[in-house]
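# Analysis of the macromolecular model
The chain contents come next:
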Amino acid sequence: MSIVADNRAGNLADNLAVIEERIQSACLRSGRSRDSVRLMAVTKRQPPELLEEALRLGLRLFGESRIQETKAKHALFPPSAEVHLIGHLQRNKARDAAQLYHAVQSIDAVRTVDALASRLEEEGREIGAFLEVNTSGEPSKEGVQGFGDLLQVALAIEASPRISLQGLMTIAPYTAEETPLRRAFAQLRDYRDRLEGELGRAVPDLSMGMSGDLEWAIREGSTLVRVGTALFGNRLS
Ligand SMILES: *Cc1c(COP(=O)(O)O)cnc(C)c1O
């Protein structure tokens, strides 16, 4: 089975049914309940019609990767939609991020936390945060590497009253092989467990798993899978 969905108009409902089935059977095999995993529809570089159809089908959690693009689509998201930034956040875009999103999943530096915190103060808003971890070691990927760095950024978030740390996020290595995928996902879970020990409280979310690897992510404890191409088809370039 190809993981790239058929993106002719009208097929989103079918693609969603396939993803739902994959999530359900992964939960079943892992002894987990279906409602322990949220499905995020990644609408980056997808046409507005597909976002509108996703809303008609009842999807409400969305991932976007670029500020400019989210701004252009902003009127399409109803108040009931929850929109997360999953792409890199530049500090000079912190004000936009503070205005646009319910959560930022790509936090990986103390100075980004500080920039976001002061903009949120000005805007009078609050936001959720996920710490992005580079679990693959690939230099092209964003994210903190190593638990020491992760803890530093987590403590900066804890010191920011308008930012609440919800969980950790990672992008696994680009492969279909079980071993490196599971190693990456297990590392994120291990960091989450250690972080809970350091902070003395629960850090509930593990945002991991995408179109090609969500089964292993769920097996390793994912609470939020971010699915783009398997729902919507290939992205516009
Ligand atoms: C693009 C993207 C996704 C979706 O990837 P697919 O393989 O299309 O499902 C998920 N997470 C992040 C951070 C992304 O940038």
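Residues numbered from 1 in each chain as written. Predicted model: local features only at pLDDT ≥ 70, side-chain atom pairs only at ≥ 80, totals over all residues. Heavy atoms only, no water.

Assigned secondary structure in the chain consists of nine helices and eight strands. Computed over the C-alpha atoms, the radius of gyration of the chain is 17 Å, within 12% of the 18 Å expected from 2.2 N^0.38 for a compact globule of 237 residues. If one aligns the C-alpha atoms of the chain with their principal axes, the spans along those axes are about 45 × 40 × 30 Å. By residue count, 51% of the 237 residues in the chain fall in the buried class. Long-range pairs, those at least 24 residues apart, make up 60% of the contacts in the chain between residues at least 6 apart in sequence. (Helix = DSSP H or I, 4+ residues; strand = E, 2+ residues; numbered from the N terminus. Rg over C-alpha atoms; globule rule 2.2 N^0.38 Å. Buried < 20%, exposed > 50% of the residue type's maximum accessible area, 1.4 Å probe, protein only. Contact = heavy atoms within 4.5 Å.)

Right, let's talk about the site of the ligand for a bit. Lining the immediate surroundings of the ligand are V42, K44, I86, I171, M210, S211, R226, V227, G228, T229 and R235. At 2.7 Å, a side-chain N or O of K44 approaches an oxygen atom of the ligand. Between an oxygen atom of the ligand and a main-chain N or O atom of G228, the distance comes to 2.8 Å. Calculation on the ligand without its partners gives an accessible area of 380 Å², and the protein chains cover 89% of this total. (Near = heavy atom within 4 Å. Polar contact = N/O pair within 3.5 Å; in protein donor to acceptor, adjacent residues only side chain to side chain. Areas by Shrake-Rupley, 256 points an atom, 1.4 Å probe, with all protein chains shown as cover.)

Time to look at helix α6 (residues 147-158). For α6, which comprises 12 residues, the first-to-last C-alpha distance of 16 Å matches the rise-based estimate of 16 Å (1.5 Å per residue) to within 8%. By the burial criterion, the buried members of α6 are F147, L150, L151, V153, A154, A156 and I157. As for α6, its buried residues are in contact with β4 (103-107), α5 (110-123), β5 (127-132), β6 (163-169) and α7 (178-199). (Expected span 1.5 Å × (residues − 1).)

Turning our eyes to something else, we now look at the side chain of T112. Along the chain, T112 falls in helix α5. Owing to a relative accessible area of 8%, T112 belongs among the buried residues under this scheme. The contacts of T112, once residues within four sequence positions are left out, are L89 and R91.

Following the UniProt record, one finds the feature "domain: Alanine racemase N-terminal" (unreviewed entry) at residues 34-234. In residues 34-234, the share of helix is 40% and the share of strand is 19%. The end C-alpha atoms are 27 Å apart. (UniProt positions renumbered as here; feature names shortened; annotations may be inferred.)

Now for the packing of aromatic side chains. Counted by the stated rule, this structure contains two aromatic pairs. Arranged with centres 5.4 Å apart and planes meeting at 55 degrees, the rings of F62 and F77 form a pair that is tilted. Of this pair, F62 sits in strand β2 (residues 61-64) while F77 sits in the loop between α3 (67-73) and β3 (82-85), and the two are 15 residues apart along the sequence. Overall, the relative accessible area of 0% leaves F62 in the buried class. Overall, F77 belongs to the buried group, its relative accessible area being 10%. (Phe/Tyr/Trp six-rings, centres within 6.5 Å; stacked < 30°, edge-to-face > 60°.)

When the UniProt feature table is mapped onto this chain, "modified residue: N6-(pyridoxal phosphate)lysine" (unreviewed entry) is found at K44. Among the secondary structure elements, K44 is positioned in the loop between β1 (38-42) and α2 (48-56). Once you skip the residues sitting within four places of it in the chain, K44 turns out to touch G63, E64, S65, E69, K73 and R235.

For R45, which is not glycine, the phi dihedral falls at a positive 55 degrees. Its location among the elements puts R45 in the loop between β1 and α2.

Quick look at the environment of I171 now. In this fold, I171 is placed in the loop between β6 and α7. Given the relative accessible area of 27%, I171 is considered partly exposed. Taking the C-alpha atoms as reference, I171 lies 7.9 Å from S136; in sequence the two are 35 residues apart. Once you skip the residues sitting within four places of it in the chain, I171 turns out to touch E132, T135, K141, M210 and R226.

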